[in-house]
Amino acid sequence: QVQLVESGGGLVQAGGSLRLSCAASGTIISIYRMGWHRQAPGKQRELVAGITTNGSTNYADSVKGRSTISRDNAKNTVYLQMNSLKPEDTAVYYCAAAPGDRRDYRFWGQGTQVTVPS
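Owing to the predicted nature of the structure, the values given are computational and were not obtained by experimental measurement.

(A) Fine view of the side chain of Thr-52. Along the chain, the position of Thr-52 falls in the loop between β5 (46-51) and β6 (57-59). There is a polar contact of 2.5 Å between the side chain of Thr-52 and the side chain of Asn-54. Contacts of Thr-52, omitting those with residues within four sequence positions, involve Arg-33, Arg-71 and Asp-101.

(B) Main features of the sheet that holds strand β3 (residues 18-25). The strand order across the open sheet formed by four strands is β1-β3-β8-β7, and the pairing between neighbours is antiparallel. Only two strands of the sheet have a single neighbouring strand rather than two, namely β1 (3-7) and β7 (67-72). Shown here is a sheet whose adjacent strand axes are inclined to one another by a mean of 15°, direction ignored. Relative to strand β8 (residues 77-82), β7 runs antiparallel, the two being bridged by six bridges. Bridged to Arg-71 within β8 is Val-78.

(C) Structural context of the pattern of salt bridges. Scanning the entire structure with this criterion turns up five salt bridges. Glu-46 serves as the salt-bridge partner of Arg-38, at 2.7 Å between the closest nitrogen and oxygen. Between Asp-89 and Arg-66 there is a salt bridge, and its shortest N-O distance comes to 2.8 Å. With a gap of 23 residues between them, Asp-89 in the loop between β8 and β9 (91-99) and Arg-66 in the loop between β6 and β7 connect regions that are remote in the sequence. Linked by salt bridges that have partners in common, Arg-38, Glu-46, Arg-66 and Asp-89 make up one network.

(D) Expanded view of the environment of Ser-67. With respect to the secondary-structure elements, Ser-67 resides in strand β7. In this structure Ser-67 comes out as buried when scored by relative accessible area, which is 7%. C-alpha separation for the pair Ser-67 and Ala-24, spaced 43 residues apart in sequence, amounts to 21 Å. When residues no more than four places from it in sequence are discounted, the contact partners of Ser-67 are Tyr-59, Leu-80, Gln-81 and Met-82.

(E) Local environment of the pairing of β9. The element β9 is extensively covered by neighbouring structure, given that eight of its nine residues are classed as buried. Where strand β4 (residues 32-39) meets β9, eight bridges bridge the pair, whose relative direction is antiparallel. Each residue of the ladder has a partner; that of Gly-35, found in β9, is Ala-96. The pairing of β9 with strand β11 (residues 112-115) spans three bridges and is antiparallel. Residue pairing in the sheet places Val-92 in a bridge with Gln-113 of β11. Bridging between β9 and strand β10 (residues 107-108) involves two bridges; their strand directions are antiparallel. Following the sheet pairing, Ala-96 is matched in β10 by Trp-108.

(F) Molecular detail of the nonpolar core. Counting 28 residues, the largest nonpolar core has Leu-4, Met-34, Trp-36, Leu-80 and Tyr-93 as its most contacted members. Of all the elements in the fold, those that place two or more residues in this core are β3, β4, β5, β8 and β9.

Rules and cut-offs
Residues numbered from 1 in each chain as written. Predicted model: local features only at pLDDT ≥ 70, side-chain atom pairs only at ≥ 80, totals over all residues. Heavy atoms only, no water. Helix = DSSP H or I, 4+ residues; strand = E, 2+ residues; numbered from the N terminus. Polar contact = N/O pair within 3.5 Å; in protein donor to acceptor, adjacent residues only side chain to side chain. Contact = heavy atoms within 4.5 Å. Pairing = 2+ DSSP bridges. Axes fitted to C-alpha atoms, helices over the stretch in contact; angles between N-to-C directions. Salt bridge = Lys/Arg side-chain N within 4 Å of Asp/Glu carboxyl O. Buried < 20%, exposed > 50% of the residue type's maximum accessible area, 1.4 Å probe, protein only. Core = buried A, V, L, I, M, F, W, Y, C linked by side-chain atoms within 4.5 Å.

So far we have only geometry, and geometry alone does not tell us how the molecule works.
Rendered as structure tokens:
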């Protein structure tokens, strides 16, 4: 059974940085496209960043240039480095995995809260 556990969220002032981690168990992440999504109160969940099995990345326009997704297959962990945080980055951040390089994320973590006060 695939399990994803996020960590690294918290309260950070505008302009600050955070690194989110997603530790996987029950599988090896090297065979999955991995993604970070977020959901703010009253809004739909959105894809923030994704990384394919060969390391290609994509970002939402809202975080492009401020965030970096990476994967360490040896540690079975995916990261999201977020810099220059803004109040609009406040959301619950979810890690997800899609088999192969499909775009339908099948496995989800429980989420970690990121709060950037205005």
